[in-house]
Amino acid sequence: MKLSQFKFNLPESLLASEPSEQRDESRLMVLHKDTGKIEHKIFKDVLDYFDDKDVMILNDTKVFPARMYGNKEKTGATIEVFLLRELNRELRLWDVLVDPARKIRVGNKLYFGDDDLLVAEVVDNTTSRGRTIRFLFEGTDEEFRRNIEILGETPLPKYIKRKATPEDKFRYQTIYAKNEGAVAAPTAGLHFSRELMKRLELKGVDFAEITLHIGLGTFRTVEVEDLTKHKMDSEQFIITDDAAKTVNRAIDDKRRICAVGTTSMRAIESSVSADRHLKPGSDWTSKFIYPPYEFSIANSMITNFHTPESTLLVMIAAFGGYENVMNAYEVAVKEKYRFYSYGDAMLII
């Protein structure tokens with residue numbers, strides 16, 4: 001398929017810059033992939049579509065405060081430093097993006113916080129905006145993490161043109177987030193409240209928690225018309241024995257298995273055994289799912305509404321059917337559903 005087939009007109013006013021008042025009261029569009037039928041619900045109505053021994057696969061990655069602001073030595077210029085991933089814990093080496101990049105060269109030092117709580121040195125250029133930096137910090141790892149927590153901001157997506165608030169620290173995180181390592185939230189999971197999780201549990205729904213640490217590559221724009229030529233960035237995933245057992249039992253019992261979010265879907269589709277069951281393991285994936293594609297594990301999914309020509313929309317079209325999904329998006333725009341990270345949700349069954 002071609003990238004231009006995933007164009008649609010998205011008014012800027014539909015990009016959600018604030019979360020809904022209550023997590024489970026955002027809107028929910030239900031798309032039946034066999035018929036193309038659409039229902040309009042509230043997210044907590046998701047309860048009506050699942051029964052005893054059905055499974056929801058959740059991505060339990062935790063967002064860390066990845067956006068920091070430092071001052072360049074001598075000039076004092078303010079530099080945004082976006083922490084992508086830790087390369088070496090002992091040496092405190094990190095892969096980062098810097099902005100403005102033209103001002104930052106190997107050997108430069110950056111100072112963070114009013115009292116220079118952290119100091120970093122640039123040790124390598126990786127891409128036009130990418131750098132490797134080493135934090136010059138003598139304290140314990142616990143103290144270092146605490147300082148990152150103090151200095152870092154919640155890494156809201158760039159389309160949200162406002163400063164991150166203390167509320168974002170809580171709302172741009174799923175309630176089941178455990179394993180720190182993501183620079184963006186698995187946003188389909190943001191709609192789950194504790195009350196809704198409890199009600200699903202009481203109904204007999206099982207949860208399988210897997211981890212995929214989301215990098216910025218998830219949001220990288222596709223720059224090729226031929227989708228087969230697009231390369232995804234690698235992201236780390238972990239699937240435990242327990243999670244695999246829970247999912248595989250549901251496959252054998254022909255239950256409804258729901259991937260909550262595109263990241264959960266990528267992780268499970270990157271770890272499929274020869275007999276089309278879920279394999280436990282820890283690995284990196286650069287899998288890009290586009291139509292036509294045969295899914296092996298999940299037979300339903302929950303996702304947010306994505307932007308035109310994004311890898312996320314392309315995956316949704318592979319799962320729900322191209323015509324169904326593009327029609328549903330047309331309806332979503334007409335009905336003023338909220339799009340993107342803090343937006344509304346879609347259940348595809």
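Not measured: the values here are computed from a predicted model.

The rules behind these values
- Residues numbered from 1 in each chain as written.
- Predicted model: local features only at pLDDT ≥ 70, side-chain atom pairs only at ≥ 80, totals over all residues.
- Heavy atoms only, no water.
- Core = buried A, V, L, I, M, F, W, Y, C linked by side-chain atoms within 4.5 Å.
- Buried < 20%, exposed > 50% of the residue type's maximum accessible area, 1.4 Å probe, protein only.
- Helix = DSSP H or I, 4+ residues; strand = E, 2+ residues; numbered from the N terminus.
- Contact = heavy atoms within 4.5 Å.
- Phe/Tyr/Trp six-rings, centres within 6.5 Å; stacked < 30°, edge-to-face > 60°.
- Lys NZ or Arg CZ within 6 Å of the ring centre and 35° of its normal.
- Domains from an automatic or database assignment.
- Buried area = accessible area lost by both parts, 1.4 Å probe.
- Salt bridge = Lys/Arg side-chain N within 4 Å of Asp/Glu carboxyl O.
- Polar contact = N/O pair within 3.5 Å; in protein donor to acceptor, adjacent residues only side chain to side chain.

Q: How do you make sense of the nonpolar core when you look at a structure like this?
A: Most often, soluble globular proteins have nonpolar side chains that are buried together. Ranked by internal contacts, the top residues of the largest apolar core, which has 65 residues, are Ile57, Val247, Met265 and Phe339. By residue number, the principal contributor to this core is helix H6 (residues 311-320), which donates seven residues. Among all residues touching phenylalanine 339, those that are not within four sequence positions of it are Phe8, Leu10, Leu14, Leu15, Ala16, Tyr159, Phe305, His306, Tyr329, Ala332 and Val333. Ala66, Val96, Ile104 and Phe137 belong to the second-largest nonpolar core, a separate cluster that totals 25 residues.

Q: It is not clear to me how the packing of aromatic side chains should be interpreted in this structure. Could you clarify?
A: Each aromatic ring pair is summarised here by two numbers: the centre-to-centre distance and the angle between the ring planes. In the structure shown here, the tally under the stated rule is 18 aromatic pairs. With a centroid separation of 6.5 Å and an interplanar angle of 65 degrees, the aromatic rings of tyrosine 176 and phenylalanine 192 are classed as edge-to-face. Taken together, the residues tyrosine 176 in the loop between helix H2 (166-171) and strand S11 (179-182) and phenylalanine 192 in the loop between S11 and helix H3 (194-202) connect sequence positions 16 residues apart. A ring pair is formed by phenylalanine 288 and tyrosine 290, whose centres lie 5.2 Å apart and whose planes are at 50 degrees; its orientation type is tilted. Taken together, Phe8, Phe305, Tyr329, Tyr337 and Phe339 form an aromatic cluster joined through their ring pairs. Lying across the ring of tyrosine 337, arginine 27 places its NZ or CZ 4.0 Å from the centre.

Q: Got a minute to help me understand the domain arrangement of the protein in this structure?
A: By convention, interface size is frequently given as the accessible area that disappears when the constituent parts associate. What the domain assignment reports for the protein is domain 1 (3-63 + 169-348) and domain 2 (67-153). Here the C-alpha centroids of domain 1 and domain 2 sit 32 Å apart. Taken residue by residue, the interface counts four residues in domain 1 and six residues in domain 2. Together, Lys169, Val183 and Leu216 form the three largest contributors to the area buried by domain 1 at its contact with domain 2, with a combined 70%. Viewed at the interface, domain 2 and domain 1 are joined by one salt bridge. We note a salt bridge from lysine 169 to glutamate 149, for which the minimum N-O separation is 3.1 Å. At the junction of domain 1 and domain 2, the tally comes to one residue pair in polar contact (both at pLDDT 80 or more).

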